[in-house]
Amino acid sequence: LAKTTQPISMDSYEGQEVNITCSHNNIATNDYITWYQQFPSQGPRFIIQGYKTKVTNEVASLFIPADRKSSTLSLPRVSLSDTAVYYCPLFSGNTGKLIFGQGTTLQVKP
Amino acid sequence: DSGVTQTPKHLITATGQRVTLRCSPRSGDLSVYWYQQSLDQGLQFLIQYYNGEERAKGNILERFSAQQFPDLHSELNLSSLELGDSALYFCASSVGPPATNEKLFFGSGTQLSVL
């Protein structure tokens, strides 16, 4: 069963770029890497997904090295509204079990 | 708005009681997932259905059961409730069968308080 490891918390200031790294040493060959954002008392929200190299959308960028044992979510120029918990869950094979770790609590300060 | 509807939003009940949480997936989505989130346990996967069939089960207690109906809505039944069952229960849906590139869309949750 693939497991992910993330820093428990990070602090940043408005306008800075934030990079959150997720370690997934046992990722399976066909596993995609997906990141979710969760605000208090709300359900997680899909941010970005990738398989290898770099993916960018209007919200974030995702960097995946060649060995795919880690991934980095990059949030450009964060604002106070980016304060949230960020997760990089992995599916357990194709079983439907999307397993969330403890996530990274990002606190953006003015 | 994710398009996933969960009812009720809040539920207060007593120990030993039984409750039913309801989830309507996004239009067109065939998969439904249930999660429990508490402060000390984080987001815990409970169970997953695809087109009416159970596909995956997590650490779901025997007192809990779920099903997905022909119209694709799902219900999570919690019985013999204990104080420790107090948590936020999320439903999520996705388009197809479980696959690693599936994107889940979560509802806003049902906050269950067992007194």
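The sections below set out a description of the structure shown in this document.

So, how was this worked out
Residues numbered from 1 in each chain as written. Chains lettered and ligands numbered in written order. Predicted model: local features only at pLDDT ≥ 70, side-chain atom pairs only at ≥ 80, totals over all residues. Heavy atoms only, no water. Helix = DSSP H or I, 4+ residues; strand = E, 2+ residues; numbered from the N terminus. Rg over C-alpha atoms; globule rule 2.2 N^0.38 Å. Buried < 20%, exposed > 50% of the residue type's maximum accessible area, 1.4 Å probe, protein only. Contact = heavy atoms within 4.5 Å. Areas by Shrake-Rupley, 256 points an atom, 1.4 Å probe, with all protein chains shown as cover. Lys, Arg positive; Asp, Glu negative; His and termini not counted. Charge placed at Lys NZ, Arg CZ, Asp CG, Glu CD. Buried area = accessible area lost by both parts, 1.4 Å probe. Salt bridge = Lys/Arg side-chain N within 4 Å of Asp/Glu carboxyl O. Polar contact = N/O pair within 3.5 Å; in protein donor to acceptor, adjacent residues only side chain to side chain. Disulfide = S-S within 2.5 Å. Pairing = 2+ DSSP bridges. Axes fitted to C-alpha atoms, helices over the stretch in contact; angles between N-to-C directions.

Before going further, it helps to spend a moment on the overall build of chain A. Assigned secondary structure in chain A consists of zero helices and eleven strands. Walking chain A from its N terminus toward its C terminus, one meets helices and strands in the order β-β-β-β-β-β-β-β-β-β-β. The C-alpha atoms of chain A give 13 Å as radius of gyration, which agrees with the globular expectation for 110 residues (13 Å, within 12%). Over its C-alpha atoms, taken along the principal directions, chain A stretches across nearly 40 × 30 × 20 Å. The buried share among the 110 residues of chain A stands at 45%. Considering only contacts within chain A whose residues lie at least 6 apart along the sequence, 54% involve residues at least 24 apart. Accessible area for chain A stands at about 5500 Å²; split by element, carbon and sulfur atoms hold 51% of it. Charge separation in chain A, taken as the distance between the mean sites of 9 positive and 7 negative side-chain charges, equals 8 Å.

This part takes up the interface of chain B and chain A. Taken together, the contacts link 21 residues of chain B with 22 residues of chain A. Roughly 1700 Å² of surface becomes buried between chain B and chain A when both sides are summed, with 59% attributable to carbon and sulfur atoms. It is B:Leu43, B:Thr100 and B:Phe106 that lose the most area in chain B upon contact with chain A, and together they represent 34% of the buried surface on that side. There are zero salt bridges connecting chain B and chain A. Taken together, chain B and chain A are joined by six residue pairs in polar contact (both at pLDDT 80 or more). Residue assignment for the side of chain B that touches chain A shows that the elements contributing at least two residues are β4 (31-38), β5 (42-50), β6 (53-57) and β9 (87-94) of chain B.

The subject of this paragraph is the state of the cysteines. Note on terminology: a disulfide is the covalent bond linking the sulfur atoms of two cysteines. Residue and element names in this part refer to chain A. Considering all chains together, one arrives at two disulfides over all chains under this definition. Shown here is the disulfide that connects Cys22 with Cys88, its sulfur atoms set 1.9 Å apart. Taking the torsion about the sulfur-sulfur bond, which here is approximately 75 degrees, the covalent link between Cys22 and Cys88 counts as right-handed. Of this pair, Cys22 sits in strand β2 (residues 18-23) while Cys88 sits in the loop between β8 (84-87) and β9 (90-91), and the two are 66 residues apart along the sequence. Owing to a relative accessible area of 0%, Cys22 belongs among the buried residues under this scheme.

A separate point is the side chain of B:Ser38. Residues and elements named next belong to chain B. Summarising the element assignment, Ser38 is placed in strand β4. Accessibility expressed as a relative area gives 17% for Ser38, which makes it buried. When near neighbours in sequence (up to four residues on either side) are disregarded, Ser38 contacts Ser86 and Ala87.

Take the sheet that holds strand β7 (residues 64-68) of chain B next. Residue and element names in this part refer to chain B. Sheet architecture is open: four strands sit in the order β1-β3-β8-β7, paired in antiparallel fashion. One side of each edge strand has no neighbouring strand; the edge strands of this open sheet are β1 (5-7) and β7. Taken over all neighbouring pairs, the strand axes of this sheet differ in orientation by 15 degrees on average, direction set aside. Relative to strand β8 (residues 74-78), β7 is paired through five bridges, and the arrangement is antiparallel. Residue pairing for β8: Ala66 is matched across the bridge by Leu76.

Glancing now at unusual backbone geometry. Going from B:Thr7 to B:Pro8, the amide bond is cis rather than trans, its omega being -10 degrees. For B:Pro8, the location among the structural elements is in the loop between β1 and β2 (10-13). The phi dihedral of A:Thr53 falls on the positive side, at around 60 degrees, and the residue is not glycine. Looking at where A:Thr53 falls in the secondary structure, it is placed in strand β5 (residues 53-56).

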